[in-house]
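Chain by chain, the residues run as shown.
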Amino acid sequence: MPVQKSQYEASLAAYSNHLEAIALLKQHRPYLEMIPSLRRPDESVIAIPLPIIRLRYSPEREVTHLPCDVAILMCDPEWKIKTGVEILLFIHRPQEDFSDCLTRWRKTQVMLDKDYEWLMPPRYHHILSEGNSSIYPLFVVFPETPERIKHGLMGAEIPFVIQTPTLLMDENTMETFSPEIPPT
(Lines give C-alpha, C1' and ligand atoms only; values in the text may rest on other atoms or scores of the structure.)
Protein backbone atom coordinates (compact mmCIF):
# COMPACT_ATOMS: atom_id res chain seq x y z
CA MET A 1 0.00 0.00 0.00
CA PRO A 2 1.46 3.42 -0.91
CA VAL A 3 2.02 6.26 1.54
CA GLN A 4 -1.27 7.98 2.33
CA LYS A 5 -1.83 11.73 2.52
CA SER A 6 -3.14 11.28 6.07
CA GLN A 7 0.23 9.77 7.12
CA TYR A 8 2.07 12.76 5.70
CA GLU A 9 -0.35 15.28 7.26
CA ALA A 10 -0.23 13.55 10.68
CA SER A 11 3.57 13.64 10.69
CA LEU A 12 3.68 17.27 9.55
CA ALA A 13 1.22 18.22 12.29
CA ALA A 14 3.15 16.27 14.92
CA TYR A 15 6.60 17.66 14.09
CA SER A 16 5.25 21.21 14.02
CA ASN A 17 5.37 20.90 17.82
CA HIS A 18 8.86 21.29 19.27
CA LEU A 19 8.37 18.45 21.78
CA GLU A 20 7.35 16.03 19.00
CA ALA A 21 10.31 17.24 16.93
CA ILE A 22 12.62 16.45 19.87
CA ALA A 23 11.02 13.00 20.17
CA LEU A 24 11.83 12.46 16.49
CA LEU A 25 15.44 13.59 16.99
CA LYS A 26 15.78 10.95 19.73
CA GLN A 27 15.62 8.42 16.90
CA HIS A 28 18.78 9.94 15.37
CA ARG A 29 21.14 10.54 18.29
CA PRO A 30 23.73 12.76 16.52
CA TYR A 31 21.00 15.36 15.93
CA LEU A 32 19.58 15.01 19.43
CA GLU A 33 23.00 15.91 20.81
CA MET A 34 22.87 19.22 18.92
CA ILE A 35 20.04 20.53 21.13
CA PRO A 36 21.49 23.22 23.43
CA SER A 37 19.38 22.33 26.49
CA LEU A 38 16.94 19.47 26.95
CA ARG A 39 15.99 20.97 30.32
CA ARG A 40 14.60 24.03 28.52
CA PRO A 41 13.20 22.57 25.28
CA ASP A 42 10.69 25.38 24.69
CA GLU A 43 13.59 27.87 24.57
CA SER A 44 16.10 25.60 22.80
CA VAL A 45 14.14 24.20 19.86
CA ILE A 46 11.95 26.04 17.38
CA ALA A 47 9.97 23.93 14.92
CA ILE A 48 8.75 25.85 11.87
CA PRO A 49 6.36 23.92 9.59
CA LEU A 50 6.56 24.72 5.87
CA PRO A 51 9.29 27.30 6.55
CA ILE A 52 9.81 30.60 4.76
CA ILE A 53 13.09 32.49 4.41
CA ARG A 54 14.05 35.97 3.25
CA LEU A 55 16.85 35.92 0.67
CA ARG A 56 19.08 38.86 1.47
CA TYR A 57 21.11 38.67 -1.71
CA SER A 58 18.14 39.45 -3.92
CA PRO A 59 17.51 43.16 -4.64
CA GLU A 60 13.92 42.95 -3.34
CA ARG A 61 14.91 40.79 -0.35
CA GLU A 62 12.69 38.11 -1.82
CA VAL A 63 10.67 35.87 0.52
CA THR A 64 10.44 32.23 -0.52
CA HIS A 65 9.11 28.90 0.74
CA LEU A 66 11.67 26.15 1.30
CA PRO A 67 10.93 22.71 -0.18
CA CYS A 68 11.42 21.02 3.21
CA ASP A 69 8.50 20.22 5.52
CA VAL A 70 9.76 21.41 8.91
CA ALA A 71 12.80 23.46 9.94
CA ILE A 72 14.08 22.71 13.43
CA LEU A 73 16.22 25.59 14.63
CA MET A 74 18.37 25.42 17.74
CA CYS A 75 18.51 28.41 20.08
CA ASP A 76 20.71 29.29 23.01
CA PRO A 77 18.20 29.56 25.89
CA GLU A 78 20.37 32.08 27.79
CA TRP A 79 21.26 34.47 24.97
CA LYS A 80 18.01 34.03 23.01
CA ILE A 81 19.83 33.70 19.71
CA LYS A 82 19.75 30.99 17.08
CA THR A 83 22.79 28.73 17.17
CA GLY A 84 24.54 27.47 14.06
CA VAL A 85 22.44 24.31 13.76
CA GLU A 86 19.46 23.94 11.42
CA ILE A 87 17.88 20.51 10.98
CA LEU A 88 15.55 20.25 8.01
CA LEU A 89 12.89 17.54 7.94
CA PHE A 90 11.72 16.04 4.69
CA ILE A 91 8.64 13.89 5.20
CA HIS A 92 8.01 11.36 2.45
CA ARG A 93 5.01 12.64 0.52
CA PRO A 94 2.44 10.51 -1.29
CA GLN A 95 3.41 9.78 -4.91
CA GLU A 96 7.01 10.94 -4.25
CA ASP A 97 9.88 8.79 -5.54
CA PHE A 98 13.57 8.85 -4.64
CA SER A 99 14.56 11.51 -7.19
CA ASP A 100 11.73 13.75 -5.93
CA CYS A 101 12.90 13.41 -2.30
CA LEU A 102 16.51 14.05 -3.20
CA THR A 103 15.58 16.99 -5.44
CA ARG A 104 13.78 18.70 -2.54
CA TRP A 105 16.92 18.37 -0.40
CA ARG A 106 19.19 19.61 -3.21
CA LYS A 107 16.95 22.63 -3.94
CA THR A 108 17.01 23.47 -0.24
CA GLN A 109 20.80 23.27 -0.19
CA VAL A 110 21.02 25.66 -3.15
CA MET A 111 18.58 28.14 -1.61
CA LEU A 112 20.39 28.14 1.74
CA ASP A 113 23.81 28.54 0.16
CA LYS A 114 23.22 32.30 0.02
CA ASP A 115 22.68 34.88 2.74
CA TYR A 116 19.20 34.42 4.25
CA GLU A 117 17.14 34.88 7.39
CA TRP A 118 14.24 32.87 8.77
CA LEU A 119 10.76 34.34 8.98
CA MET A 120 10.05 33.29 12.54
CA PRO A 121 6.70 32.47 14.16
CA PRO A 122 5.32 35.41 16.20
CA ARG A 123 6.41 33.91 19.51
CA TYR A 124 10.04 33.93 18.34
CA HIS A 125 10.27 37.28 16.52
CA HIS A 126 12.73 38.54 19.13
CA ILE A 127 15.29 35.83 18.29
CA LEU A 128 18.11 36.74 15.93
CA SER A 129 17.32 34.55 12.93
CA GLU A 130 20.12 34.98 10.42
CA GLY A 131 21.04 31.95 8.37
CA ASN A 132 24.42 30.80 7.09
CA SER A 133 24.59 27.94 9.53
CA SER A 134 25.24 24.25 9.30
CA ILE A 135 22.23 22.58 7.75
CA TYR A 136 21.44 18.94 8.34
CA PRO A 137 18.77 16.88 6.56
CA LEU A 138 16.59 14.26 8.20
CA PHE A 139 14.13 12.28 6.13
CA VAL A 140 11.03 10.75 7.64
CA VAL A 141 9.82 7.68 5.76
CA PHE A 142 7.04 5.21 6.48
CA PRO A 143 6.82 1.42 6.46
CA GLU A 144 4.95 1.80 3.14
CA THR A 145 7.78 3.86 1.62
CA PRO A 146 9.32 1.87 -1.26
CA GLU A 147 12.61 0.14 -0.41
CA ARG A 148 14.34 1.90 -3.33
CA ILE A 149 13.85 5.24 -1.54
CA LYS A 150 15.31 3.93 1.72
CA HIS A 151 18.14 2.28 -0.21
CA GLY A 152 18.80 5.50 -2.15
CA LEU A 153 18.91 7.59 1.04
CA MET A 154 21.41 5.13 2.52
CA GLY A 155 23.49 5.31 -0.66
CA ALA A 156 23.43 9.12 -0.59
CA GLU A 157 24.39 8.95 3.12
CA ILE A 158 21.36 10.99 4.14
CA PRO A 159 19.91 10.06 7.53
CA PHE A 160 16.32 8.91 7.79
CA VAL A 161 13.97 7.44 10.35
CA ILE A 162 11.05 5.11 9.73
CA GLN A 163 7.95 6.64 11.28
CA THR A 164 4.61 5.09 12.05
CA PRO A 165 2.33 8.07 12.74
CA THR A 166 0.28 7.64 15.87
CA LEU A 167 -1.18 11.12 15.84
CA LEU A 168 -4.43 10.82 13.94
CA MET A 169 -6.88 13.30 15.41
CA ASP A 170 -10.60 12.93 15.30
CA GLU A 171 -11.87 16.29 14.08
CA ASN A 172 -14.76 16.12 16.57
CA THR A 173 -12.41 15.93 19.55
CA MET A 174 -9.87 18.55 18.51
CA GLU A 175 -9.00 21.15 21.12
CA THR A 176 -8.42 24.81 20.43
CA PHE A 177 -4.87 26.07 20.83
CA SER A 178 -3.82 29.71 20.95
CA PRO A 179 -0.07 30.24 20.76
CA GLU A 180 1.51 32.66 23.16
CA ILE A 181 2.32 35.84 21.27
CA PRO A 182 4.62 38.30 23.02
CA PRO A 183 3.58 41.97 23.15
CA THR A 184 5.19 44.15 20.50
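Here, the structure is the one placed above.
For clarity, every value in this text was computed on a predicted model and none was experimentally measured.

A. Region of the structure containing the pattern of salt bridges. Applying the stated criterion to the full structure yields 15 salt bridges. With a closest N to O distance of 2.7 Å, R93 and D69 form a salt bridge. In this pair, R93 sits in the loop between strand 5 (81-91) and helix 5 (98-111) while D69 sits in the loop between strand 3 (63-65) and strand 4 (70-76), placing the two residues 24 residues apart along the sequence. Residues K82 and E86 are paired through a salt bridge, measuring 2.8 Å at the closest nitrogen-oxygen approach. With a relative accessible area of 0%, E86 lands in the buried category. Salt bridges sharing partners connect three or more residues here, namely R54, R56, R61, D115 and E117.

B. Summary view of the nonpolar core. Formed by 26 residues in total, the largest nonpolar core has its most connected members in I46, L88, W118 and M120. In terms of residue count, the dominant contributor to this core is helix 5 (four residues). In terms of nonpolar packing, the next biggest core, distinct from the first, is built from 25 residues, Y8, L24, I72 and V85 among them.

C. Representation of the pairing of strand 7 (residues 134-141). In terms of strand pairing, strand 5 meets strand 7 through seven bridges, oriented parallel. Across the sheet, residue L89 finds its bridge partner in strand 7, namely L138. Examined bridge by bridge, strand 7 and strand 8 (residues 160-162) share three bridges and lie parallel to one another. Looking at strand 8, one finds that V141 is bridged to I162.

The rules behind the values
- Residues numbered from 1 in each chain as written.
- Predicted model: local features only at pLDDT ≥ 70, side-chain atom pairs only at ≥ 80, totals over all residues.
- Heavy atoms only, no water.
- Salt bridge = Lys/Arg side-chain N within 4 Å of Asp/Glu carboxyl O.
- Helix = DSSP H or I, 4+ residues; strand = E, 2+ residues; numbered from the N terminus.
- Buried < 20%, exposed > 50% of the residue type's maximum accessible area, 1.4 Å probe, protein only.
- Core = buried A, V, L, I, M, F, W, Y, C linked by side-chain atoms within 4.5 Å.
- Pairing = 2+ DSSP bridges.

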